[in-house]
Amino acid sequence: MATNASRIAMHIPPAAPADYAAEVSRGSLARAGAVVRRYLPAGGRAVVVTNPTVRGFWGAPLQASLAAEQIPHLVIELPDGESFKRLSELERLADQMVTAGCDRDTLVVALGGGVVGDVAAFLASIYMRGVGVIQVPTTLVAMIDSALGGKTGVNLAHGKNLIGTFYHPSHILVDPETLASLPEREFRAGMAEAIKYGVIGDEELFRLIESRPRGWDSDAAALDAMITACLRQKAEVVAGDEREGGRRRILNFGHTLGHALESATGYARFRHGEAVAWGMIAAGRIAVLRGSLPAEAAARMNKVIFAACGPLPAIETAPEVILRHAASDKKARAGVLHFVLPTAIGQVEVVRDVPAALILAALADTINIEVTR
Ligand SMILES: NC(=O)c1ccc[n+]([C@@H]2O[C@H](COP(=O)([O-])OP(=O)(O)OC[C@H]3O[C@@H](n4cnc5c(N)ncnc54)[C@H](O)[C@@H]3O)[C@@H](O)[C@H]2O)c1
Ligand SMILES: [Zn+2]
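Please read these numbers as outputs of a predicted model, since none were measured by experiment. (Residues numbered from 1 in each chain as written. Chains lettered and ligands numbered in written order. Predicted model: local features only at pLDDT ≥ 70, side-chain atom pairs only at ≥ 80, totals over all residues.)

### A look at the domain arrangement of the protein chain
Link 1 in the chain: Annotation of the protein chain at the domain level lists domain 1 (21–182) and domain 2 (185–238 + 247–367).
Link 2 in the chain: Computed from C-alpha atoms alone, the centre-to-centre distance between domain 1 and domain 2 is 28 Å.
Link 3 in the chain: Listed as interface residues are 16 residues of domain 1 and, on the opposing side, 18 residues of domain 2.
Link 4 in the chain: When contributions to the side of domain 1 that touches domain 2 are tallied by element, the ones reaching two or more residues are β1 (21–24) and α5 (140–146).
Link 5 in the chain: Broken down by element, the side of domain 1 that touches domain 2 gets its largest block of residues, five residues, from α5.
Link 6 in the chain: Across the side of domain 1 that touches domain 2, the residue classes break down as 11 nonpolar, three polar and two charged. (Domains from an automatic or database assignment. Contact = placed C-beta atoms within 7 Å. Helix = DSSP H or I, 4+ residues; strand = E, 2+ residues; numbered from the N terminus. Nonpolar A, V, L, I, M, F, W, Y, C, P; charged D, E, K, R; others polar.)

See the structure below:
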């Protein structure tokens, strides 16, 4: 039988590279309107996505700055909490935008922590097949981690961040003054990610954190420098490996066992950063037991972690249970665990053949660690 097949070749040029900047500047929220103006399509409208908590503290100055630029805008809210980082909320927000008449010339402005940022950026990436988004992060985690790098998403009942997109913002506006209202526990949890950046690649950043055991209250400039150094470190890693094939993996330092601890405790006992803090301590211990990290370096790291992130809720989960959760994580491809292990402060290696017995021993040591203050 004769077939009459035709073949149409498609050649789609590669997407344009994403070029954008993160700006760390005290008081910049009051100038957000001018930034929005730069990225707003002509005749377009800004949609501020936030939650009631953040809106209560920082909604008014942002709206005033938009009004000062005569930028038409509306504010839509997600309820506060990780449990609202889900698809049904995305649909609800998109419906509100359609009802308000938002078209392709809309610019989304994400005002809030990582939950708001991830949902707002996901929404922007799919609303009418994509509109721009500007991140205005208001938690330490969002400032130094989630706003930059282009990962967006929501959770499913089966796990965190299981659906999402890679979609970069047009700009990130960090006003460290917004941290003034952040609960201390949130700030200290965020410090775990800052220490992570120091250990994986920036000893100077680590030293900066180490030099401030009592925090940043008396020195705003040092805090801003710390945030900037974290962003620089993440930007450098992500630019080299946007989709986590290789180098981006080092950002998972402390996360292999940290995620396991979170999931083993139903995401209720630890803030993410607190679990990562324990995960870094455990990873350091694995490295010491393997003989690839001097014990003094691990002790130095642990001291900074306890000072900056503590008090950490104690681990009450058995090592075997933590390890089981680690092996079933989505990033453990085919059950193979990758560990990012420090070889010095400021340097890490990725190791995939850590024996289970050694992981269990390191976890047992971590659980029993003497907290020195
Ligand atoms: N996209 C990424 O690359 C990436 C990276 C890291 C984390 N994340 C995601 O980020 C989320 C965690 O972010 P988070 O730690 O910012 O939590 P969050 O967004 O839940 O914020 C923590 C709490 O602080 C409140 N808050 C925010 N800013 C405030 C302020 N200035 N003053 C007072 N209260 C304020 C929030 O309302 C919330 O109750 C997780 O969903 C995680 O998956 C994403
Ligand atoms: Zn993290």
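Resuming the write-up.
### A look at the site of ligand 1
Link 1 in the chain: Around ligand 1 sit 27 residues, and of these G113, G114, T139, S146 and S181 come closest.
Link 2 in the chain: Elements represented by at least two residues in the shell around ligand 1 include exactly α2 (52–68), α4 (114–126), α5 and β7 (159–163).
Link 3 in the chain: Classifying every residue of the shell around ligand 1 by side-chain character gives seven nonpolar, 12 polar and eight charged. (Near = placed C-beta within 6 Å.)

### Quick word on the sheet that holds strand β3 (residues 73–77)
Link 1 in the chain: With parallel pairing, six strands are arranged side by side in an open sheet as β1-β8-β5-β4-β2-β3. If you trace the sheet from one side to the other, it starts and ends with β1 and β3, each paired once. Going from strand to strand, the sheet's axes swing by 20 degrees on average, the running direction of each strand aside.
Link 2 in the chain: Where α4 meets the sheet, its contacts fall on β2 (45–50), β4 (106–112) and β5 (132–137), and the angle it forms with β4 comes to roughly 170 degrees. (Pairing = 2+ DSSP bridges. Axes fitted to C-alpha atoms, helices over the stretch in contact; angles between N-to-C directions.)

### Thoughts on the environment of P311
Link 1 in the chain: Relative to the elements of secondary structure, P311 occurs in the loop between α11 (295–309) and α12 (319–327).
Link 2 in the chain: In the structure, P311 is positioned 126 residues away from R185 in sequence and 8.9 Å away in space, judged by C-alpha atoms.

### Some points on the environment of L162
Link 1 in the chain: Positionally, L162 belongs in strand β7.
Link 2 in the chain: Along the sequence, L162 and L223 sit 61 residues apart, while their C-alpha atoms lie 33 Å from each other.

### Looking at the pairing of β3
Link 1 in the chain: Strand direction decides the pairing type here: β2 and β3, joined by five bridges, are parallel. The residue of β3 that forms the bridge with V48 is V75.
Link 2 in the chain: In this region the chain leaves β2, passes through α2 and returns to the parallel neighbour β3; the handedness of that crossover is right-handed. (Right-handed = clockwise from strand over helix to strand, strands pointing away.)

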